[in-house]
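Summary of structural features
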Amino acid sequence: MKVIIAKDYEDMSTKAFELVKRVVTENPEAVLGLATGSTPLGLYAKMAEDHRENGTSYRRVRTVNLDEYEGLDITSDQSYVYFMRKNLFDHLDIDLENTNIENGRAENAEAECARYNALLEVMRQDIQILGIGSNGHIAFNEPGTPFEAETHVVELTESTIKDNSRLFARVEDVPRRAYTMGPKNIMNARKILILANGANKAKAVCGLVKGKVTEALPASVLQRHPDCTLVCDEAAASLL
Ligand code: GLP
């Protein structure tokens, strides 16, 4: 794994942006694997700014998102489909038809997972952007998820519910279940870019880079990926 330690959040976002821009410039039809959470917001702002100022086009770019809460209405401002529009897609010239995410309101969860897995087979990510949970989760793959798992529905752990509750009015409002790509779908990406900032991620980052590869720390599987880059700030790198 290549490790790049950035000065701060701004610097981390700039370095991440440079990697993503290279992928889009080299292949205007690239498939971008996208993540939600607060970590990639700076990167998304830089992509929007670059599109505005330099005209970098996303018209033919295709996207697949990692995960989505189960049960939220798509108009809910807590859904990840809403998050992606508000923080990225609405600021690019991307065709929304080319953007993909699990349907958190699907009637048949098993069929929805199968649909998403089939889609990922034909839309292999040229780059997969990831954040990391404080317990080492990636997407919504919580500790204990088999590395071989594909898209599935998960019960979120108390620690993830607590971490994510800051974005909801009340902790009771955080959905208990979510759809997520599995580690296998993530590892299938041609290139992986994982971002982390802040001291609360230091322990997970240490496990990601230096720990044993174990399903107890889902992100550790990335040590087996041939082209994975971690860009983190100094606080997140403090235990390395
Ligand atoms: C959620 C998302 C993950 C994300 C993680 C960290 O659980 N499903 O994809 O990486 O939160 O979020 P943040 O970037 O806000 O710390």
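Look up: the structure comes first, before these words.
Figured I'd write up the structure that's included with this text. (Residues numbered from 1 in each chain as written. Predicted model: local features only at pLDDT ≥ 70, side-chain atom pairs only at ≥ 80, totals over all residues. Heavy atoms only, no water.)

So, the site of the ligand
- Contacts to the ligand come from 13 residues, most closely from Ser 38, Thr 39, Asp 67, Arg 166 and Lys 201.
- The contact in question runs from an oxygen atom of the ligand to an N or O atom on the backbone of Ile 132, over 3.5 Å.
- Ala 139 is positioned such that a nitrogen or oxygen atom in its backbone is 3.3 Å from a nitrogen atom of the ligand.
- Coverage of the ligand by the protein chains reaches 94% of its 390 Å² of free accessible surface.
- For the shell around the ligand, the residue count by class is 4 nonpolar, 6 polar and 3 charged. (Near = heavy atom within 4 Å. Polar contact = N/O pair within 3.5 Å; in protein donor to acceptor, adjacent residues only side chain to side chain. Areas by Shrake-Rupley, 256 points an atom, 1.4 Å probe, with all protein chains shown as cover. Nonpolar A, V, L, I, M, F, W, Y, C, P; charged D, E, K, R; others polar.)

Brief notes about the pairing of strand 6 (residues 127-130)
- Going residue by residue along strand 6, you find Ile 127 and Ile 129 tucked away on one face and Gln 128 and Leu 130 tucked away on the opposite face as well.
- The pairing of strand 2 (residues 31-34) with strand 6 spans 2 bridges and is parallel. In the strand pairing of strand 6, Gly 33 is matched with Gln 128.
- Relative to strand 9 (residues 192-196), strand 6 runs parallel, the two sharing 3 bridges. Of the residues in strand 9, the one forming a bridge with Gln 128 is Ile 192. (Buried < 20%, exposed > 50% of the residue type's maximum accessible area, 1.4 Å probe, protein only. Helix = DSSP H or I, 4+ residues; strand = E, 2+ residues; numbered from the N terminus. Pairing = 2+ DSSP bridges.)

Here's the deal with the packing of helix 1 (residues 9-26) against helix 2 (residues 41-54)
- Their axes nearest at 8 Å, the elements helix 1 and helix 2 cross at an angle of 55 degrees. Classified by the angle between their axes, helix 1 and helix 2 sit oblique to one another. In this structure, the crossing between helix 1 and helix 2 has a hand that is right-handed. Along the contact surface, helix 1 presents Tyr 9, Glu 10, Ser 13, Thr 14, Ala 16, Phe 17, Val 20 and Lys 21, while helix 2 presents Leu 41, Gly 42, Leu 43, Lys 46, Met 47, Asp 50 and Asn 54.
- The residue inventory of the contact of helix 1 with helix 2, partitioned by class, reads 7 nonpolar, 4 polar and 4 charged. (Axes fitted to C-alpha atoms, helices over the stretch in contact; angles between N-to-C directions. Parallel < 35°, antiparallel > 145°, perpendicular 65-115°, else oblique. Left-handed = near helix turned anticlockwise from the far one by under 90°. Contact = heavy atoms within 4.5 Å.)

Digging into the pairing of strand 8 (residues 177-180)
- By the bridge criterion, 3 bridges tie strand 4 (residues 67-69) to strand 8 in an arrangement that is antiparallel. Note on strand 8: the bridge partner recorded for Asp 67 is Thr 180.
- The pairing of strand 7 (residues 152-155) with strand 8 spans 4 bridges and is antiparallel. Across the sheet, residue His 152 finds its bridge partner in strand 8, namely Thr 180.

Some thoughts on the packing of aromatic side chains
- Under the definition given, this model contains 4 aromatic pairs.
- Ring centres of Tyr 69 and Tyr 80 lie 4.9 Å apart, and the angle between their planes is 45 degrees; this geometry places the pair in the tilted category. Placement of Tyr 69 in strand 4 and of Tyr 80 in helix 3 (residues 80-87) is noted, with a sequence separation of 11 residues between them.
- You can call Tyr 69 buried: its relative accessible area is 1%.
- Aromatic side chains Tyr 69 and Phe 168 sit 5.7 Å apart centroid to centroid with 80 degrees between the ring planes, which places their arrangement in the edge-to-face category. With Tyr 69 in strand 4 and Phe 168 in the loop between helix 5 (158-164) and strand 8, this pair connects stretches of sequence that are 99 residues apart. (Phe/Tyr/Trp six-rings, centres within 6.5 Å; stacked < 30°, edge-to-face > 60°.)

Here's the deal with the sheet that holds strand 7
- Judged by pairing direction, the sheet is antiparallel, and its 3 strands sit side by side in the order 4-8-7 without closing on themselves. The strands lining the two open edges of the sheet, one partner per strand, are strand 4 and strand 7. The sheet shows a mean angle of 25 degrees between the axes of neighbouring strands, taken without regard to direction.

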